[in-house]
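# Structural features, examined
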Amino acid sequence: MTAQIRLPLDQILVGDCIEQINKLPENSVDLVFADPPYNLQLQGELVRPNNSVVDAVDDHWDQFETFQAYDRFTHDWLRAVRRVLKDDGGLWVIGSYHNIFRVGAALQDLGFWILNDVIWRKTNPMPNFRGKRFTNAHETLIWCSKSEKSKRYTFNYDAMKAFNDDQQMRSDWLLPLCTGSERLKVDGRKAHPTQKPESLLARVLLSTSQPGDVVLDPFFGSGTTGAVAKKLGRRFIGIEREQDYAEIAMDRIARVKRIEDESLLKIESKRTEPRVPFGNIVERGMLRPGEVLFDQRKRWFAKVRPDGSLVSDAAKGSIHSVGAAVQGAPACNGWTFWHVDRGGNTVPIDVFRQQVRAEMRA
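In this report, we go over the structure that sits alongside the text. Since we're looking at a predicted model, the values are computed, not measured.

## Describing the overall build of the chain
Counting secondary structure elements, the chain contains 13 helices and 16 strands. Principal axes of the C-alpha set define a box for the chain whose edges measure 80 × 55 × 40 Å. Put simply, the chain has 362 residues, and 46% of those count as buried. Entry remark: accessible area of the chain is about 19700 Å², with carbon and sulfur atoms responsible for 48%. For the chain, the distance from the average position of its 51 positive side-chain charges to the average position of its 47 negative side-chain charges is 5 Å.

## Side note on the sheet that holds strand E10 (residues 235–240)
The strand order E1-E10-E9-E2-E3-E5-E4-E6 describes an open sheet built from eight strands, whose pairing is mixed. The open sheet has two edge strands with one neighbour each: strand E1 (11–14) and strand E6 (172–175). Direction aside, the axes of adjacent strands within the sheet are offset by 20° on average. With four bridges joining them, strand E4 (residues 113–122) and E6 adopt parallel strand pairing. Residue pairing for E6: Ile119 is matched across the bridge by Asp172.

## Thoughts on the packing of aromatic side chains
Taken as a whole, this structure holds 13 aromatic pairs when the rule is applied. Arranged with centres 5.9 Å apart and planes meeting at 65°, the rings of Phe278 and Trp335 form a pair that is edge-to-face. Of this pair, Phe278 sits in helix H10 (residues 278–283) while Trp335 sits in helix H12 (residues 334–337); the two residues are 57 residues apart in sequence, bridging distant segments of the chain. Using a relative accessible area of 5% as the deciding quantity, one classes Trp335 as buried. Arranged with centres 6.2 Å apart and planes meeting at 35°, the rings of Trp300 and Phe337 form a pair that is tilted. Of this pair, Trp300 sits in the loop between strand E11 (292–294) and strand E12 (301–304) while Phe337 sits in helix H12; the two residues are 37 residues apart in sequence, bridging distant segments of the chain. Given the relative accessible area of 25%, Trp300 is considered partly exposed. Judged by relative accessible area, Phe337 falls into the buried class, the value being 11%. By way of ring pairs, the aromatic residues Trp92, Trp143, Tyr153, Phe155, Tyr157 and Trp173 are connected into one cluster.

## A word on helix H3 (residues 67–84)
A turn of α-helix holds 3.6 residues, and therefore any two residues three or four places apart point the same way. If you check H3, its first and last C-alpha atoms are 26 Å apart, about what 18 residues at 1.5 Å a residue would give, namely 26 Å. The set of residues buried in H3 consists of Ala69, Tyr70, Phe73, Thr74, Trp77, Leu78, Ala80, Val81 and Val84. Taken around the axis of H3, the buried residues stretch over an arc of 155°, which confines them to a single face. Elements that come into contact with the buried residues of H3 comprise helix H2 (17–21), strand E2 (29–34), strand E3 (85–95), helix H4 (100–109) and strand E9 (214–217).

## Overview of the packing of helix H7 (residues 224–231) against helix H8 (residues 243–254)
It is the contact of H7 with H8, at a shortest axis distance of 9 Å, that shows an interaxial angle of 20°. Accordingly, the angle class assigned to the pair H7 and H8 is roughly parallel. The two elements H7 and H8 cross, and the hand of that crossing is right-handed. Note on element contacts: H8 touches H7 through Arg252, Ile253 and Ala254, opposite Thr224, Gly226, Ala227 and Lys230. Considered class by class, the residues forming the contact of H7 with H8 number three nonpolar, two polar and two charged.

## A look at unusual backbone geometry
Negative phi is the rule for most residues except glycine; trans is the rule for most peptide bonds. A positive phi angle is found at Asp166, which is not glycine, with a value near 60°. Note on placement: Asp166 falls in the loop between helix H5 (157–163) and E6. Overall, the relative accessible area of 56% leaves Asp166 in the exposed class. Its identity is not glycine, yet Lys298 carries a phi of approximately 55°, on the positive side. Along the chain, the position of Lys298 falls in the loop between E11 and E12. Among the residues examined, Lys298 registers a relative accessible area of 44% and is labelled partly exposed.

Calculation criteria
Residues numbered from 1 in each chain as written. Predicted model: local features only at pLDDT ≥ 70, side-chain atom pairs only at ≥ 80, totals over all residues. Heavy atoms only, no water. Helix = DSSP H or I, 4+ residues; strand = E, 2+ residues; numbered from the N terminus. Buried < 20%, exposed > 50% of the residue type's maximum accessible area, 1.4 Å probe, protein only. Areas by Shrake-Rupley, 256 points an atom, 1.4 Å probe, with all protein chains shown as cover. Lys, Arg positive; Asp, Glu negative; His and termini not counted. Charge placed at Lys NZ, Arg CZ, Asp CG, Glu CD. Pairing = 2+ DSSP bridges. Axes fitted to C-alpha atoms, helices over the stretch in contact; angles between N-to-C directions. Phe/Tyr/Trp six-rings, centres within 6.5 Å; stacked < 30°, edge-to-face > 60°. Expected span 1.5 Å × (residues − 1). Arc of directions from axis to C-beta. Contact = heavy atoms within 4.5 Å. Parallel < 35°, antiparallel > 145°, perpendicular 65-115°, else oblique. Left-handed = near helix turned anticlockwise from the far one by under 90°. Nonpolar A, V, L, I, M, F, W, Y, C, P; charged D, E, K, R; others polar.

Pasting the structure below:
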């Protein structure tokens, strides 16, 4: 708790990211989202067919003399991040083909454990004006835990499945670039050349953090991470070496309205719900010994035993093992597989488990 008090929560620290990270307490942040310099190695101006100049990323902060210099910088900031990340924390890094492979190698060199690479497929990518390459229509995000031993990292699987119309969330995300009213501008020009859309950060934070978690962004830029964190009830620490960007981000975040109803922010997970043994359902009389269970299409049947196990023509054992055995499957969720007749209606036995859980929460 002492370390938590010392954290500069909901602040933007102006300065070198490595120096600022090293001032933070060890094992103090829950999630890191990093959008480091891409090291684009642009040579000359990009020009559209109408001879207008493309507002590309040619700022000094994206310039490195050699790949080796970029690699040293990458190892240094990742090493600093690893020190402040909690043992069960998570790290996201986003990049383009110019840098993401070098970053990925550095992550593995330093002991991070890659959980997913996610493709952000842009619905409205910038065209390839010279016509010499494929249109670069995506960026890659790498999501990692602190180490191979980190098993309790946050992943809100059920929330993401509900978000995706009860389908598992895939690792290819179709989202638009930051455009229109969301794009920050100063004197009619982009305030930041690589401003990320809030939809992208919302998906990162909703999937891998909890309300109240501390999210660190060491390359804060125009403040998208902070804006989304504030809106979703997370705390943030931003680090930005450019004073102009920091001021733009501060002004932006000050205008963000937090979701006031905290109950809306709570993320439910089936894995955190109280465990209810099937035997408890039997001893409470919700199911009777000798009662017949069946699958939804009534292809397989089993009887309930007094000890909370099942017996069928194919096997005897738990609701899960018997469900797997009758199907010839490697595994089965018996709670959703088995059903029972109640007044002529087919009812999944999970209804009884949810009833017990509701009583436990009351």
